[in-house]
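Okay, here's what each chain looks like letter by letter:
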Amino acid sequence: MANEPSSPGPARETPPRAGARFARAIRTKNLEDLFKRYRRPGDMAFAVLFFALSIGLLIALPWQTEWVKRTKTYAQPAFWPMISIIAMVVFSMFHLLGSFVSERIPGRWREVMQWLRSLEYAVWFMAYVALVPLIGYLPATILFSCAMTLRLGYRGWRWMLISVLFSVVVVVLFKSFLQVKIPAGLIYEAAPAPFRSILMTYF
């Protein structure tokens, strides 16, 4: 019986020449392909704002920092801020470029409105900072914590008690143990003499 011819095996692919894929990628990729990415709603607005902030910090750098004579470069007051801001400018520029060449997803202004709504909490914090020198660190922290608890939708005496205990722990930790210098409240001046110094020192 004649021997049947063996079936040919799978053809072996010739491996590409070293560097061929990289060269082909360089030839086919253009600027849009390199920076194109998935773009979320509001990404363009964020990219523009962050790039503008970075440029503003870079412009203000000479007036906000200084170079001290006879000081090593890495110890200069202006060295690390300069490195950080330059990095911010470079990466925010790439972020902005990627936003320009990527497809837009609807919902930009809805997302921006969410950012603006979050500024409410900055106003809450500014009010808290303004109250501390007037009514003292402990009362202001308790008032702020309870107000924020109510604002976030938590109701009931249990949540109020948790807010008060949290405020006491924060004040004791920062004012007594860490000895953070926080102005004493004007209201402490009305406290009886034996308690006045204790309140002004620890609370």
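So, here's what we can say about the structure.

Reading the values: the criteria
- Residues numbered from 1 in each chain as written.
- Predicted model: local features only at pLDDT ≥ 70, side-chain atom pairs only at ≥ 80, totals over all residues.
- Heavy atoms only, no water.
- Helix = DSSP H or I, 4+ residues; strand = E, 2+ residues; numbered from the N terminus.
- Buried < 20%, exposed > 50% of the residue type's maximum accessible area, 1.4 Å probe, protein only.
- Contact = heavy atoms within 4.5 Å.
- Core = buried A, V, L, I, M, F, W, Y, C linked by side-chain atoms within 4.5 Å.
- Axes fitted to C-alpha atoms, helices over the stretch in contact; angles between N-to-C directions.
- Left-handed = near helix turned anticlockwise from the far one by under 90°.
- Parallel < 35°, antiparallel > 145°, perpendicular 65-115°, else oblique.
- Salt bridge = Lys/Arg side-chain N within 4 Å of Asp/Glu carboxyl O.

Remarks on the overall build of the protein chain
A count of helical and extended segments in the protein chain gives 8 helices and 0 strands. For the protein chain, the succession of helices and strands along the chain, N to C, is α-α-α-α-α-α-α-α. By residue count, 21% of the 203 residues in the protein chain fall in the buried class. Long-range pairs, those at least 24 residues apart, make up 68% of the contacts in the protein chain with a sequence separation of at least 6.

Structural notes on the nonpolar core
In this structure, Tyr-128, Val-132, Tyr-137, Leu-138, Ala-140, Val-170, Val-171, Ile-182 and Tyr-188 together form the largest nonpolar core, which totals 9 residues. Of all the secondary structure elements, the ones that give two or more residues to this core are α5 (108-135), α6 (137-151) and α7 (157-177). At 3 residues, α6 tops the list of elements feeding residues into this core.

Examining the environment of Phe-94
Relative to the helices and strands, Phe-94 is located in helix α4 (residues 79-101). Of the residues examined, Phe-94 reaches a relative accessible area of 37% and is grouped as partly exposed. Counting along the chain gives 47 residues from Phe-94 to Ala-47, while the straight-line C-alpha distance between them is 9.2 Å.

Considering the packing of α6 against α7
Where α6 contacts α7, the two axes come as close as 9 Å, and the packing angle between them is 145 degrees. In this structure, α6 crosses over α7, and the sense of that crossing is right-handed. Of α7, the residues touching α6 (which contributes Tyr-137, Leu-138, Thr-141, Ile-142, Ser-145, Cys-146, Thr-149 and Leu-150) are Trp-159, Met-160, Ser-163, Val-164, Phe-166, Ser-167, Val-168, Val-170, Val-171, Phe-174 and Lys-175.

Regarding the packing of helix α3 (residues 43-64) against α4
Between α3 and α4, whose axes approach to 8 Å, the crossing angle comes to 150 degrees. As the angle between them shows, α3 and α4 are arranged roughly antiparallel. Between α3 and α4 the crossing geometry is left-handed. Contacts between α3 and α4 involve Asp-43, Met-44, Phe-46, Ala-47, Val-48, Phe-50, Phe-51, Ser-54, Ile-55, Leu-57, Leu-58 and Leu-61 on the former and, on the latter, Pro-81, Met-82, Ile-85, Ile-86, Met-88, Val-89, Ser-92, Met-93, His-95, Leu-96, Ser-99 and Phe-100.

Comments concerning the side chain of Ser-145
Secondary-structure assignment places Ser-145 in helix α6. For Ser-145, a relative accessible area of 10% corresponds to the buried category. Setting aside chain neighbours within four positions, we find Ser-145 in contact with Ser-163, Phe-166 and Ser-167.

Notes on the pattern of salt bridges
Taken as a whole and assessed by the stated rule, the structure comprises 1 salt bridge. Linking Arg-151 and Glu-120 is a salt bridge whose minimum nitrogen-to-oxygen distance equals 2.6 Å. Here Glu-120 lies in helix α5 and Arg-151 lies in helix α6, a separation of 31 residues in the sequence. For Arg-151, a relative accessible area of 35% translates into the label partly exposed.

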